[in-house]
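Next come the chains, spelled out residue by residue.
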Amino acid sequence: MTPLVELKNISLSFGGVRAVDNVSLDLYPGEVVGLLGHNGAGKSTLIKILAGAYQMDEGEIWIEGKKVNIQSPRDARRHNIETIYQTLALADNLDAPSNLFLGRELTTRFGLVDDAKMEAETRKIMARLNPNFKKISEPVSALSGGQRQSVAIARAVYFNAKILIMDEPTAALGVHESKMVADLIKELKAQGLGIFLISHDTREMLDLCDRVSVMKNGTLIGTEKVGDVTEDDILSMIIMGKARDAA
Amino acid sequence: MTDTSTPGTDSHRSPTASKRSFLTQLEIDTRLLGMIGAFVLVCLVFNVLTDGRFLTPRNIFNLTIQTVSVAIMATGMVFVIVTRHIDLSVGAMLATCSAAMAITQTDILPKMLGLGLGHPLIPWISILAGLIVGTVIGAFQGWLVGYLTIPAFIVTLGGLLIWRNVAWYMTDGQTIGPLDETFRNFGGINGTLGETWSWVVGVIAVVLALWALSASRRNKIGHGFPVKPVWAEAIVGLIITVGILGFVAILNAYEVPTARLIREFKANGEAMPEGYTAAYGIPYSVLLLIAIAIGMTVIAKRTRLGRYIFATGGNPDAAELSGINTRLLTVKIFALMGALVALSAVVASARLTNHSNDIGTLDELRVIAAAVIGGTALAGGIGTIHGAILGALIMQSLQSGMAMVGVDAPLQNIVVGAVLVLAVWIDIVYRRRTGGK
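Quick caveat: nothing in here was measured; it's all calculated off a predicted structure.

S.K.: Sorry, what's going on with the overall build of chain A here?
M.R.: Helix and strand counts for chain A come out as eight helices and ten strands. On C-alpha atoms alone, chain A measures out to a radius of gyration of 18 Å, which is about the 18 Å that the 2.2 N^0.38 rule sets for 247 residues. In terms of overall dimensions, chain A has a C-alpha envelope of 60 × 40 × 40 Å along the principal axes. Counting only residues that meet the buried cut, chain A has 45% of its 247 residues in that class. Summarising the internal contacts of chain A: among those between residues at least 6 apart in sequence, 63% fall at separations of at least 24.

Following this line, the structure appears as structure tokens:
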């Protein structure tokens, strides 16, 4: 089977610091690959390269067996890559439909934005993702962390993402809301999406992911199938920075 | 689950509906209502202080035409401030645009190109020249801000000095006039629709407004969204109708002085019939402002450009990550500001009937104050076009009201400054209470 995404020998430096150093990763359809590591290990930088927010210095990105050139978030979207950022990339002053469709507004035949249509679509998808979501026409600043997260996730689901990048999707959420996101990840996975998941919660990662990759100081320590490792193995990879066999 | 799948039932749940206050049912913005209240209060106080001279058709007419120039620029300033920028150069740009148009119509076209003074194309080519100058200057400043990432405050502070003195350099500091007769029509009192056409425009405006109201309601019903009760819809429609026709009636009540009418009849070689009267009606400059206000509101609410402006103001990073080209957006916003400054320069110079070296001085402060009093948040992301126009109207009412009462000039400016600070403070308190930003 062709991998959905192949990142080949990716490197990126900021000033003198090699934030990502010769990292290779792949992702198959219907698979969740977790990225683990300390703060500053290079996880977020790596996935931002895939999302088009950063441009790599060296390396190649292959999507479904074809080499692609991702220079901007718009390029990434064109390859059906959607990203849910740690910082929740939402415009707080706009309502949920405006955020969901930001950059891809539905328009009427006169080229004006069709707010009514976008609201209707938002109601439809929210009924599926988060039935408790009621504040459709209020600015998203009035929403709870979980509701805001569901707007961000709805964006990915609505536009038929094939590759989903989730950077700490549950960091700002309560227990109940985290479970909701976890269930959603499982559902999307069952639909055949490939998901890169970043989290600090090792136990959550072992529960949700098929494989986990550990990074430290910009380099990839190793990638392991979840069934082959224990939580302690992973923790020692994160802390010691050594692949399991060597440890 | 059941609730979200049938959103249309929201408004029909009678227990909650009855709890809703009168105002929420009307869906009128309380903030806007507060500003209208403040404006009415200012008018009533001055009317008492001036023994009823403030709210005469004559003064309302003057107030309207005095507001136009600042109000046009304030609509553009809303977009600039919403995206967390500022434009301190609008007054100076206005002078440069005005100088360019004055030179075009008194020197370049009639003399160098030999069209001759009074040629019918002169005013239009001049306005086009002004629009090009304004748009290019604005786009250039926007490029400096967006692509070279120089703070807008610095770029336009430099622009304030540069364009003010470019205008001076172009004209050697001389007053240029008189301007073309057709061009002067945009100044206010020299160009009005007259009584009949004012009523025609008023009625068309009412019909269009009511049509828009019902179209929006039908659209909502079509998508199964909650709608206002019919009586609330009717009240809003009534308020709009009375507002528009009332405004036309007031402007139509301001009659042209008999001496001026006699002069006009004489110019045509006729004698004025006994008892003849004529009213000014709606000035062209006010029609221009209304057209700009509608256009800018459509841009703000119904176009991608507007959506991106507000998204960028709310969260620039989110906008960028959503694939919005925020640099080009900055250029567009400043270019639009420049074009509006040029239109404002048409009105300002036409009102003076000439280009003077100090035209537009301190306008940047009036324009920013109007936008801010009108509810545009300097933190970005929030602001409305109608708010900015109302802000301009409130500022102008204060200024001319105090002048009528006979308040000393320094005191006038002290009061206006204090009102600006007070208005922003009230706005902060209001937003905190209502849970907004």
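Picking up after the structure, the text goes on.
S.K.: Which parts of the structure should I look at to understand the sheet that holds strand E4 (residues 58-63) of chain A?
M.R.: Paired through their backbone hydrogen bonds, the strands of a sheet run either parallel or antiparallel. Residues and elements named next belong to chain A. With antiparallel pairing, the four strands of this open sheet are ordered in space as E2-E1-E4-E5. The open sheet terminates on both sides in strands that have one partner only, identified here as strand E2 (17-27) and strand E5 (66-68). Adjacent strand axes in the sheet meet at a mean angle of 30° when their direction is disregarded. With seven bridges connecting them, strand E1 (residues 5-14) and E2 associate as antiparallel partners. Within E2, the residue paired with Glu6 across the bridge is Asp26.

S.K.: Hey, could you run me through the interface of chain B and chain A in this one?
M.R.: By a frequent convention, interface size equals the accessible area lost on bringing the separate parts together. Counting residues at the interface gives 28 residues for chain B and 28 residues for chain A. Going through the elements one at a time, helix H1 (2-5), helix H10 (195-222), helix H14 (304-314) and helix H15 (316-321) of chain B are the ones with two or more residues in the side of chain B that touches chain A. By residue number, the principal contributor to the side of chain B that touches chain A is H14(B), which donates six residues. When its residues are assigned to classes, the side of chain B that touches chain A shows ten nonpolar, twelve polar and six charged.

S.K.: It is not clear to me how the nonpolar core should be interpreted in this structure. Could you clarify?
M.R.: Note that soluble globular proteins tend to have their nonpolar side chains buried in a common cluster. Formed by 171 residues in total, the largest nonpolar core has its most connected members in Leu50(A), Ala74(B), Met77(B), Val341(B), Ala370(B) and Ala371(B). For this core, the element with the highest residue contribution is helix H16 (residues 326-352) of chain B, accounting for 17 residues. Ignoring any residue separated from it by four or fewer positions in sequence, one finds Val341(B) in contact with Met73(B), Val90(B), Met93(B), Leu94(B), Cys97(B) and Gly134(B).

S.K.: Would you explain the environment of Arg431(B) in this entry?
M.R.: All names here are of chain B. The topology assignment puts Arg431 in helix H19 (residues 409-433). Residue Arg431 is classed as partly exposed on the basis of its 15 C-beta neighbours within 10 Å. Placed 18 residues apart in sequence, Arg431 and Asn413 show a C-alpha to C-alpha distance of 27 Å.

S.K.: Sorry if this is basic, but what is going on with the domain arrangement of chain B here?
M.R.: All names here are of chain B. For chain B, the assigned domains read domain 1 (31-43 + 50-191 + 284-433) and domain 2 (192-282). Taking only C-alpha atoms, the centre of domain 1 and the centre of domain 2 are 25 Å apart. In this complex, domain 1 contributes nine residues to the contact, which on the side of domain 2 involves seven residues. For the side of domain 1 that touches domain 2, the secondary structure elements donating two or more residues are helix H5 (57-82) and helix H13 (284-302). Looking at the side of domain 1 that touches domain 2 element by element, the count peaks at four residues for H5. Broken down by class, the residue content of the side of domain 1 that touches domain 2 amounts to seven nonpolar, one polar and one charged.

S.K.: Could you clarify how one ought to interpret the packing of H5(B) against H16(B) in this entry?
M.R.: The relative placement of two packed helices comes down to the angle between their axes together with the axis-to-axis distance. Residues and elements named next belong to chain B. Here H5 crosses H16 at 175°, and the two axes come no closer than 9 Å. Relative to H16, the element H5 lies roughly antiparallel. Every residue of H16 that contacts H5 at Ile65, Val68, Ser69, Ile72, Met73, Thr75, Gly76, Met77, Phe79 and Val80 is listed here: Ile333, Phe334, Leu336, Met337, Leu340, Val341, Leu343, Ser344, Val347, Ala348 and Arg351. When its residues are assigned to classes, the contact of H5 with H16 shows 16 nonpolar, four polar and one charged.

S.K.: Sorry, what's going on with the pairing of strand E9 (residues 211-216) of chain A here?
M.R.: It is a general feature of regular strands that their side chains alternate between the two faces of the sheet. Residues and elements named next belong to chain A. Looking at chain direction, strand E3 (residues 32-36) and E9 are connected through four bridges and run parallel. The partner of Leu36 across the bridge, within E9, is Val214. Strand direction decides the pairing type here: E9 and strand E10 (residues 219-225), joined by six bridges, are antiparallel. Looking across to E10, one finds that Val212 is bridged to Glu224. Between E9 and E10, which follow one another and run antiparallel, lie two residues, and Asn217 among them has a positive phi close to 50°.

S.K.: Could you clarify how one ought to interpret the sheet that holds strand E8 (residues 194-198) of chain A in this entry?
M.R.: All names here are of chain A. Taken in spatial order, the six strands line up as E6-E7-E8-E3-E9-E10 in an open sheet, and their pairing is mixed. Bordering the open sheet on either side are strand E6 (81-84) and E10, each of which pairs with just one other strand. Put simply, the sheet's adjacent strands are angled 15° from each other on average, direction ignored. Contacts from helix H5 (residues 145-158) reach E6 and strand E7 (163-167) within the one sheet, and its direction differs from that of E6 by about 175°. Along the sheet face, helix H8 (residues 231-240) touches E3, E9 and E10 and points at about 25° away from the line of E9.

S.K.: How should I be thinking about helix H6 (residues 90-112) of chain B in this particular structure?
M.R.: Each α-helix turn comprises 3.6 residues. Residues three or four places apart therefore point the same way. Residue and element names in this part refer to chain B. Along H6, the largest kink reaches about 45° and is centred on Thr104. Of all 23 residues in H6, 17 are buried; the element is thus mostly enclosed. Backbone geometry just downstream of H6 places Gly114 in the positive-phi region, at approximately 70°.

S.K.: Would you mind showing me how to read helix H8 (residues 152-171) of chain B here?
M.R.: Residues and elements named next belong to chain B. The end-to-end C-alpha separation of H8 is 28 Å, in line with the 28 Å expected for 20 residues at 1.5 Å each. Every buried residue of H8 is accounted for by Ala152, Val155, Thr156, Gly159, Trp163, Arg164, Ala167 and Thr171. On its buried face, H8 sits against H6 and helix H7 (122-146). A positive backbone phi angle near 55° is found at Asp172, which sits one or two residues after H8.

S.K.: Would you mind going over the domain arrangement of chain A with me for this structure?
M.R.: Residue and element names in this part refer to chain A. Split into domains, chain A comes out as domain 1 (1-80 + 162-247) and domain 2 (90-161). Between the C-alpha centres of domain 1 and domain 2 the distance comes to 26 Å. Contact with domain 1, which involves 13 residues of that partner, is made by nine residues of domain 2. When residues of the side of domain 1 that touches domain 2 are traced back to their parent elements, those giving at least two are E7 and helix H6 (175-190).

S.K.: Is there a simple way to think about the packing of H13(B) against helix H18 (residues 385-405) of chain B in this case?
M.R.: All names here are of chain B. One can describe the packing of H13 onto H18 by two numbers: an axis separation of 9 Å at closest approach and a directional angle of 140°. Counted together, Ala293, Met296, Thr297 and Ala300 of H13 and Ile385, His386 and Ile389 of H18 form the full contact between these two elements. Residues of the contact of H13 with H18, tallied by class, amount to five nonpolar, two polar and no charged.

S.K.: Sorry, what's going on with the environment of Ala129(B) here?
M.R.: Residues and elements named next belong to chain B. Along the chain, Ala129 turns up in helix H7. Taking the number of C-beta atoms within 10 Å as the measure of exposure, Ala129 has 19 and is therefore partly exposed. Sequence separation of Ala129 and Gln105 is 24 residues, and the distance between their C-alpha atoms is 9.8 Å. Beyond its immediate sequence surroundings of up to four residues, Ala129 is in contact with Ala100, Met101 and Thr104.

Cut-offs applied
Residues numbered from 1 in each chain as written. Chains lettered and ligands numbered in written order. Predicted model: local features only at pLDDT ≥ 70, side-chain atom pairs only at ≥ 80, totals over all residues. Helix = DSSP H or I, 4+ residues; strand = E, 2+ residues; numbered from the N terminus. Rg over C-alpha atoms; globule rule 2.2 N^0.38 Å. Buried ≥ 20, exposed ≤ 12 C-beta atoms within 10 Å, placed from the backbone. Contact = placed C-beta atoms within 7 Å. Pairing = 2+ DSSP bridges. Axes fitted to C-alpha atoms, helices over the stretch in contact; angles between N-to-C directions. Nonpolar A, V, L, I, M, F, W, Y, C, P; charged D, E, K, R; others polar. Core = buried A, V, L, I, M, F, W, Y, C linked by C-beta atoms within 7 Å. Domains from an automatic or database assignment. Parallel < 35°, antiparallel > 145°, perpendicular 65-115°, else oblique. Bend = angle between axes of the 7 residues up to and from the residue. Expected span 1.5 Å × (residues − 1).

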